[in-house]
Amino acid sequence: MRAELDGGSVTADALQGIVWQVWTAYLGGTPPAEPLPAASYVQPFDVIAGVAIAGAWHGHVVLRCRLDAAAAMAAAMLELQPGNVRLEDIVDAAGELMNIIAGNVKSLLPQPSVVALPQVVLGEAEVLWPGASAVCELRTGFGDWAVLLSVMQVDSGGPAW
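Quick caveat: nothing in here was measured; it's all calculated off a predicted structure.

### Some details on the overall build of the protein chain
Each helix and strand counted, the protein chain has three helices and eight strands in total. Starting at the N terminus, the α and β elements of the protein chain follow one another as β-β-α-β-β-α-α-β-β-β-β. With the C-alpha coordinates of the protein chain rotated into their principal frame, the extents come out at 45 × 30 × 30 Å. The contacts of the protein chain with a sequence gap of at least 6 include a subset with a gap of at least 24, amounting to 65%. On the protein chain, roughly 7900 Å² of surface is accessible, and the fraction owed to carbon and sulfur atoms is 54%. Separation between the mean location of the 6 positive side-chain charges and that of the 16 negative ones in the protein chain comes to 3 Å.

### Some thoughts on unusual backbone geometry
Cis geometry marks the peptide bond from Gln111 to Pro112, where omega comes out at 5 degrees. With a phi close to 55 degrees, Glu79 is a non-glycine residue in the positive phi region. Among the structural elements, Glu79 can be located in the loop between helix H2 (67-78) and helix H3 (87-106).

### Quick look at the packing of aromatic side chains
In the structure shown here, the tally under the stated rule is one aromatic pair. Measuring from ring centre to ring centre gives 6.4 Å for Trp23 and Phe142, while their planes differ by 75 degrees; the resulting arrangement is edge-to-face. Here the residue Trp23 occupies a position in helix H1 (residues 12-27), and Phe142 occupies one in strand E7 (residues 132-142), the gap between them amounting to 119 residues. Across this residue pair, the class does not change: Trp23 and Phe142 are buried.

### Notes on the nonpolar core
Ranked by internal contacts, the top residues of the largest apolar core, which has 41 residues, are Trp23, Ile101, Val105 and Leu149. Of all the secondary-structure elements, those providing two or more residues to this core are H1, strand E3 (47-55), strand E4 (59-65), H2, H3, E7 and strand E8 (145-154). Here the element with the most residues in this core is H3; it accounts for nine residues. For Leu149, the residues in contact, after removing those within four places along its chain, are Leu15, Val19, Val61, Val62, Leu63, Met98, Ile101, Cys136, Glu137 and Leu138. Of all hydrophobic cores here, the second largest spans six residues; its members include Ile48, Val62, Trp129 and Met152.

### Focus: the pattern of salt bridges
Pairing is possible between side chains that carry opposite charge, provided their charged atoms lie close to one another. Counted by the stated rule, this structure contains three salt bridges. Note that Arg66 is salt-bridged to Asp46, the shortest N-O span being 3.3 Å. Of the two residues, Arg66 is situated in the loop between E4 and H2 and Asp46 in the loop between H1 and E3; the sequence distance between them amounts to 20 residues. Residue Asp89 is joined to Arg86 by a salt bridge in which the shortest nitrogen-to-oxygen separation is 3.1 Å. On the basis of relative accessibility, which here comes to 48%, the residue Arg86 falls in the partly exposed class.

### Structural notes on H2
Look at H2: 16 Å from first C-alpha to last across 12 residues, which is about the 16 Å you get at 1.5 Å a residue. Turning to H2, its buried residues are Ala69, Ala70, Ala71, Ala72, Met73, Ala74, Ala75 and Met77. Contacts from the buried residues of H2 go to H1, E3, E4, H3, E7 and E8. One or two residues past the end of H2 sits Glu79, with phi positive at roughly 55 degrees.

Calculation notes
- Residues numbered from 1 in each chain as written.
- Predicted model: local features only at pLDDT ≥ 70, side-chain atom pairs only at ≥ 80, totals over all residues.
- Heavy atoms only, no water.
- Helix = DSSP H or I, 4+ residues; strand = E, 2+ residues; numbered from the N terminus.
- Contact = heavy atoms within 4.5 Å.
- Areas by Shrake-Rupley, 256 points an atom, 1.4 Å probe, with all protein chains shown as cover.
- Lys, Arg positive; Asp, Glu negative; His and termini not counted.
- Charge placed at Lys NZ, Arg CZ, Asp CG, Glu CD.
- Phe/Tyr/Trp six-rings, centres within 6.5 Å; stacked < 30°, edge-to-face > 60°.
- Buried < 20%, exposed > 50% of the residue type's maximum accessible area, 1.4 Å probe, protein only.
- Core = buried A, V, L, I, M, F, W, Y, C linked by side-chain atoms within 4.5 Å.
- Salt bridge = Lys/Arg side-chain N within 4 Å of Asp/Glu carboxyl O.
- Expected span 1.5 Å × (residues − 1).

Below, the structure written as structure tokens:
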């Protein structure tokens, strides 16, 4: 999927490249070469981490996964034993991963723009981004767990920042 974003572009291939770099550098592994089975992405996700980007382009970069996937990523990133990962570690690691991913996505967008602080929601929740719609999505994973990464653009009729 390719999205023209008012002068910039983000593609699933570009997102895959960003994820590959982040997984390699910070998680000690690589994402799967192919998406996991489609059923992996329809299960309810109970970790949602997002970062807003504002400026010449307005939108969000959002990561969704299951709690066990986020715990595995936190263990890898923080060099913890999987059984020693606390919810605070999951929130910290998810927020930091999203800062890194969103910063890389920002480099593909029209400038100037700024990255906001990450927001992390734990538990099955319907998180809404009023006026925003997904313009690019990547179905990837960490280990055997599904990870969905979305770039959402605020529509011109959406809320003012």
